[in-house]
Amino acid sequence: MQAGWVGLDAPEKFGGSGATFAEVAVICEELGRAAARTAYLGGAVLGIGALIALQASDLRDQLLREATAGTTRVALALSAEKPRPQFELAATGGRLDGHATFVADAAVAQHVLLPAMDAQGTPVLVDVASDATGLRIDSQPVLDETRRLATVTADGVAVDRAAVWRFDEDPHQQLQALQERAAVALACDSLGIAQAMLDATVSYVGVRHQFGQPIGAFQAVKHACADMLVCIAVARQLVMAAVTEPGPTTTAMAKSYACDTAVDVAGKAMQLHGGIGYTWESGVHIYLKRAALNRSLFGSPADHRARLAGRYQ
């Protein structure tokens, strides 16, 4: 928070740095490289991103300032499993019901933004305090221990009209853009994972000796490391395209390829580390599990490739 990462792409008038998502992407990659346990995905990528996409209001502006300063944590209850709003506002507008799964960092947020459909079928965001009556946030155990995911359930949550916020532009497109923002952030994280695993592997095969020479001198090991490098280079180009030219196509290509690459590279890293790679002391398993979870959140590679294939039907 003190480094200003949370509000990196928030406007300066709200205490942010006024940067772009390209700078956010750099942070996401480095967090993946370190396999860091943070609330950056739910708070900065999705929470701040959602607040920026909303129409200006006194309450929204105040929450954006607090979230950017780090005094209040926000999370967007956008299900990483289903790409549409999972909450509904009653016709009177005073009651909220619904259930979202695999919500990033909701368990550590003071304010949860719930994507909901109003009585007219228009997507809106509803600001709800995490301790509000009728709102339940349950931690959801997953393979990767560096991520905090939760299920968010709203059962008759009382909603103030002033807490129902509308998007600045087309709400359906804005929600889609938030989904794509999360997918690209995970692609950046996966790119960092893959790079970290390649670096660790190259370092290890240079010092591990067998038959009187470093195992990195063996042709099979050289080829494996070269394959890892080529896959990472391709993934980096696809991720850069998704960051600089956001859209459904570039997002699908980056998310599917980068996340698959991270799993493959981490798996090869474990293999090339030999027996030590399968131990807890090596730390390779941390990256492999994080890569596996990244691959499944906000659309699997198969889902994204199916969308790409749909362009040619």
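See the structure above.
Residues numbered from 1 in each chain as written. Predicted model: local features only at pLDDT ≥ 70, side-chain atom pairs only at ≥ 80, totals over all residues. Heavy atoms only, no water.

Caption draft 1: Up close: the overall build of the protein chain. Scanning the protein chain from terminus to terminus reveals 8 helices and 10 strands. The C-alpha radius of gyration computed for the protein chain amounts to 21 Å, which stays within 12% of the reference 20 Å derived for 313 residues, consistent with globular compactness. The principal-axis extents of the C-alpha atoms in the protein chain amount to approximately 75 × 45 × 35 Å. Within the protein chain, the proportion of its 313 residues that are buried is 51%. Partitioning the contacts of the protein chain with sequence separation of at least 6, the portion at a separation of at least 24 is 70%. About 14300 Å² of surface is accessible on the protein chain, with carbon and sulfur atoms providing 54% of the total. Each charge sign in the protein chain was given a centre, from 26 positive and 32 negative side chains, and these centres are 5 Å apart. (Helix = DSSP H or I, 4+ residues; strand = E, 2+ residues; numbered from the N terminus. Rg over C-alpha atoms; globule rule 2.2 N^0.38 Å. Buried < 20%, exposed > 50% of the residue type's maximum accessible area, 1.4 Å probe, protein only. Contact = heavy atoms within 4.5 Å. Areas by Shrake-Rupley, 256 points an atom, 1.4 Å probe, with all protein chains shown as cover. Lys, Arg positive; Asp, Glu negative; His and termini not counted. Charge placed at Lys NZ, Arg CZ, Asp CG, Glu CD.)

Caption draft 2: Inspection of the pattern of salt bridges at higher detail. If you walk through the whole model with that rule in mind, you get 13 salt bridges. The shortest N-O distance in the salt bridge between Asp118 and Arg166 comes to 3.1 Å. Linking Asp118 in the loop between strand 4 (111-117) and strand 5 (123-129) with Arg166 in the loop between strand 8 (164-165) and helix 4 (171-207), this pair joins segments that are 48 residues apart in sequence. Classification of Arg166 as partly exposed rests on a relative accessible area of 37%. For Arg290, the salt bridge is made with Asp189, and the minimal N-O distance between the two is 2.7 Å. You can see Arg290 sitting in helix 7 (residues 284-296) and its partner Asp189 sitting in helix 4, a full 101 residues away along the chain. Residue class for Arg290 comes out buried when judged on its relative accessible area of 2%. Of the residues examined, Asp189 reaches a relative accessible area of 4% and is grouped as buried. Each member of the salt-bridge network shares a partner with another, and the members are Glu29, Glu30, Arg33, Asp199 and Arg236. (Salt bridge = Lys/Arg side-chain N within 4 Å of Asp/Glu carboxyl O.)

Caption draft 3: Broad picture of the environment of Met240. Within the secondary structure, Met240 sits in helix 5 (residues 219-244). Spatially, the C-alpha atom of Met240 lies 9.2 Å from that of Thr250, the residues being 10 residues apart in sequence.

Caption draft 4: Just helix 5, in detail. Relative to the 38 Å expected for 26 residues at 1.5 Å per residue, helix 5 spans 38 Å between its end C-alpha atoms, a close match to the ideal helical length. What helix 5 keeps buried is the set Val221, Ala224, Cys225, Met228, Ile232, Ala235, Val239, Ala242 and Val243. The secondary structure elements touched by the buried residues of helix 5 are helix 1 (21-34), helix 4 and helix 6 (248-272). (Expected span 1.5 Å × (residues − 1).)

Caption draft 5: Looking closely at the nonpolar core. Grouped together as the largest cluster of nonpolar side chains are 76 residues, with contacts concentrated most on Tyr40, Leu51, Leu76, Val239 and Phe298. For this core, the elements supplying multiple residues, two or more each, are helix 1, helix 2 (40-52), helix 3 (58-69), strand 1 (74-76), helix 4, helix 5, helix 6 and helix 7. If one sorts the elements of this core by residue count, helix 4 sits on top with 16 residues. Counting residues in each nonpolar core, the second largest holds 21 residues, with Ala106, Ala109, Ala116 and Leu135 among its members. (Core = buried A, V, L, I, M, F, W, Y, C linked by side-chain atoms within 4.5 Å.)

Caption draft 6: Fine view of the pairing of strand 4. Along strand 4, 6 of the 7 residues are buried, which leaves the element largely enclosed by surrounding structure. Note: strand 1 against strand 4, 3 bridges, orientation parallel. Bridging from a neighbouring strand, Val74 pairs with His111 of strand 4. Sheet analysis places strand 2 (residues 87-89) next to strand 4, joined by 2 bridges and oriented parallel. Counted as the bridge partner of Glu88 is Met117 from strand 4. The pairing of strand 4 with strand 5 spans 7 bridges and is classified as antiparallel. Its bridge partner lying in strand 5, Ala116 is registered against Val124. Counting the residues between successive antiparallel strands, the hairpin from strand 4 to strand 5 contains 5 residues, one of them, Gly121, with a positive phi of roughly 80 degrees. (Pairing = 2+ DSSP bridges.)

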